[in-house]
2 protein chains.
Amino acid sequence: MTAEAAEDGWPFEDRGVAYGDGLFETVLVRDGRPLLWEEHLARLARGCRGLGIPRPDPARLARPLAEAPEGLSVLKLMLTRGSGGRGYAPPDPPEPRLRWRLAPFMPSPPRWRQGVRVRHCRLRLGIQPALAGIKHLNRLENVLARAEWADADTAEGLLCDSEGRLVEATCMNLFWQRNGLLETPRLDRCGVAGTLRAALLERLPIREVDAFPEALERVEALWLGNSLQGLWPVVRLDDARGRALQRWTLGQDHRRLQAEAHDVLGYPTRLDD
Amino acid sequence: MTAEAAEDGWPFEDRGVAYGDGLFETVLVRDGRPLLWEEHLARLARGCRGLGIPRPDPARLARPLAEAPEGLSVLKLMLTRGSGGRGYAPPDPPEPRLRWRLAPFMPSPPRWRQGVRVRHCRLRLGIQPALAGIKHLNRLENVLARAEWADADTAEGLLCDSEGRLVEATCMNLFWQRNGLLETPRLDRCGVAGTLRAALLERLPIREVDAFPEALERVEALWLGNSLQGLWPVVRLDDARGRALQRWTLGQDHRRLQAEAHDVLGYPTRLDD
């Protein structure tokens, strides 16, 4: 196996595959420039602290950007604790392994403009404060939740924790407007704290709250968002069997938060109905 | 990269490393013969059903055994959902990827004979019935728990779930004797259902119970066990800071369950004090 091939894949015994012992980031890159780069670096650093993995040099993390093509692409960075250790016991010192891949990316303007249909998932997220918020490689809950539906009309699934609180969607964060105020679920028990979410919390008065699904019955607008797709307004919410629970008509409320999010990502900020 | 090298490692995008989307088994092999093979196959099959991964042909899983050396070795089998899919959404149909490695193995007779010191871990296991019992690749909780101590005198750490019930140790199952009766924690909310545990439940009247750590104050004997190490009697239990909570003196109670477990694994059944 050449050194180049070795750089590309993972050895049999890498702890990333053995235990999901690592972290990842997916970064939107426009013409070689990473969007929300500080937020991605901050979350990765938080993950490294949480897992006890040495933080890679930011310059090393930025190196793949030199190879990014014109236009939009997505940079997937993966950092594992590397090989070694005795079973679950981590190696001391660890020699983390960093791998990355650049791929073309296309967001979905119809979802921006027309909004999306989402459903509640049956799966409940386990409560694990030690892993909450960070983007680690233990993502079986997301995989199982995403496998709950196959129809292309359903864009995302909403997840609650094992005590029933709203947390996130399978790969997006959740935002809503209630009585004119913006809110998003707290993520101190489970869930991934998205970088677009971090940027919006920084720019706007958004309250982090504990809320149950019933709260959605009284919201004026509901959105899903992440740093790749931007913000999708929700126009229909289904139960876990795909039966409509609730509908929203897109209006200026929806467009205001969307404009803010899209300004951060360089996506269109005017998406008039 | 040659085909042989490709067989050995994992491609960048394998879902095993991306999401921990897979399963593993570690099998004790004696002179080419796998111990508890039916139990390992049954757990793997249960995991495949739970994750929606096609079950590999048992004959294919047994193929590595032909290469096992004389004496004791451990066969690590890893099965991932393979590559593909759209993000968390699983590929349809999946093309699972199977990898394996054989390594020499040596159990620890001093731990059989003298017993071990264990401690409570601070980390609590998240409650996730969809993943409970199976040996999947999302093992960050085990890694974080195992990182709580570094002294070689402490053999294992006990884990409770987020509601405080005893579940398991970081890589072993838990058994105790209370009022002359054998018990082990139920594993329907979290934890890994070990193959030695399965064999003992089959052979002996062991009750699966919900129990809190206080229950250990009244047990006559406490053991940890798995299919590689056999059964370790616990002689000292510490709190999460390493201060002694409780001690046990080894006696005939301890030796009886140990003999049963070691009979299953072909380890010494007479370990008189």
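Reference entry: report on the structure contained in this document. Throughout, a residue's number is its position along its own chain's written sequence, starting from 1. As a convention, the first chain written is A and the first ligand written is 1, with the rest following in written order. Whole-chain, interface and lining totals are the exception, using all residues; otherwise, since this is a predicted model, local features are given only for residues with pLDDT of at least 70 and side-chain atom pairs are given and counted only at 80 or more. Side-chain numbers here rest on the full set of heavy atoms in the structure, without hydrogens or water.

**Some points on the pairing of strand E6 (residues 154-161) of chain A**
Residues and elements named next belong to chain A.
Here comes step 1: Here's how the labels work: a residue is buried when its accessible area is under 20% of the maximum for its type, exposed when over 50%, partly exposed in between, all with a 1.4 Å probe on protein chains only. Runs of E in the DSSP output that reach at least two residues are strands. Runs of H or I that reach at least four are helices, and both are numbered from the N terminus. For E6, a buried count of 8 out of 8 residues is recorded, marking the element as mostly surrounded by other parts of the structure.
Here comes step 2: Inspection of the sheet shows strand E5 (residues 116-125) paired to E6 by 6 bridges, in the parallel sense. Following the sheet pairing, His120 is matched in E6 by Leu158.
Here comes step 3: A pair of strands is treated as paired once DSSP finds two or more bridges between them. The pairing of E6 with strand E7 (residues 166-169) spans 3 bridges and is classified as antiparallel. Looking at E7, one finds that Leu158 is bridged to Ala169.
Here comes step 4: Here E6 folds back onto E7 in antiparallel fashion, the turn holding 4 residues, of which Gly164 has a positive phi close to 95°.

**A few points about the environment of Glu163 of chain B**
Residues and elements named next belong to chain B.
Here comes step 1: Assignment of secondary structure puts Glu163 in the loop between strand E6 (154-161) and strand E7 (166-169).
Here comes step 2: Placed 39 residues apart in sequence, Glu163 and Arg124 show a C-alpha to C-alpha distance of 8.2 Å.
Here comes step 3: By definition in these notes, contact holds between two residues if any of their heavy atoms fall within 4.5 Å. Leaving out residues up to four positions away in the same chain, Glu163 has contacts with Arg124, Ile127 and Phe212.
Here comes step 4: Reaching out from Glu163, the side chain makes a polar contact with the side chain of Arg165 at a distance of 2.6 Å. Distance and chemistry together define a polar contact, namely a pair of N or O atoms within 3.5 Å, with one atom able to donate a hydrogen and the other to accept it when in protein, and with adjacent residues in sequence counting only for side-chain atoms on both sides.

**Concerning the relation of the copies chain A and chain B**
Here comes step 1: Residues reaching a pLDDT of at least 70 in both copies supply the C-alpha atoms on which the copies are superposed by least squares. When chain A is fitted to chain B, the residual RMSD is 0.0 Å, and the transformation amounts to a turn of 180° plus an axial shift of 0.0 Å. Here the two chains are linked by the operation of a two-fold rotation axis. Within chain A, Val17 of chain A has its C-alpha nearest the rotation axis, a separation of 2.0 Å.
Here comes step 2: Taken as a fraction of all interface residues of chain A, those also at the interface in chain B reach 100%, which identifies the copy contact as same-surface.

**Points about the interface of chain A and chain B**
Here comes step 1: Listed per partner, the contact involves 50 residues of chain A and 50 residues of chain B.
Here comes step 2: Defined in terms of a 1.4 Å probe, buried area is the accessible area two parts forfeit on being brought together, summed over both. Across the interface of chain A and chain B, roughly 4000 Å² is buried in total on both sides, 69% from carbon and sulfur atoms.
Here comes step 3: The largest share of the area that chain A buries against chain B comes from Phe12, Tyr88 and Leu140 of chain A, three residues that together contribute 23% of it.
Here comes step 4: Any Lys or Arg side-chain nitrogen found within 4 Å of a carboxyl oxygen on Asp or Glu counts as a salt bridge. Put simply, chain A and chain B have 2 salt bridges between them.
Here comes step 5: The salt bridge involving Arg101 of chain B is made with Glu13 of chain A; its shortest N-O contact spans 3.4 Å.
Here comes step 6: A total of 6 residues in the side of chain A that touches chain B trace back to one element, the largest contributor, which is helix H6 (residues 140-146) of chain A.
Here comes step 7: Residue classes in the side of chain A that touches chain B are distributed as 26 nonpolar, 12 polar and 12 charged. When residues are grouped by polarity, Ala, Val, Leu, Ile, Met, Phe, Trp, Tyr, Cys and Pro land in nonpolar, Asp, Glu, Lys and Arg in charged, and all others, Gly among them, in polar.

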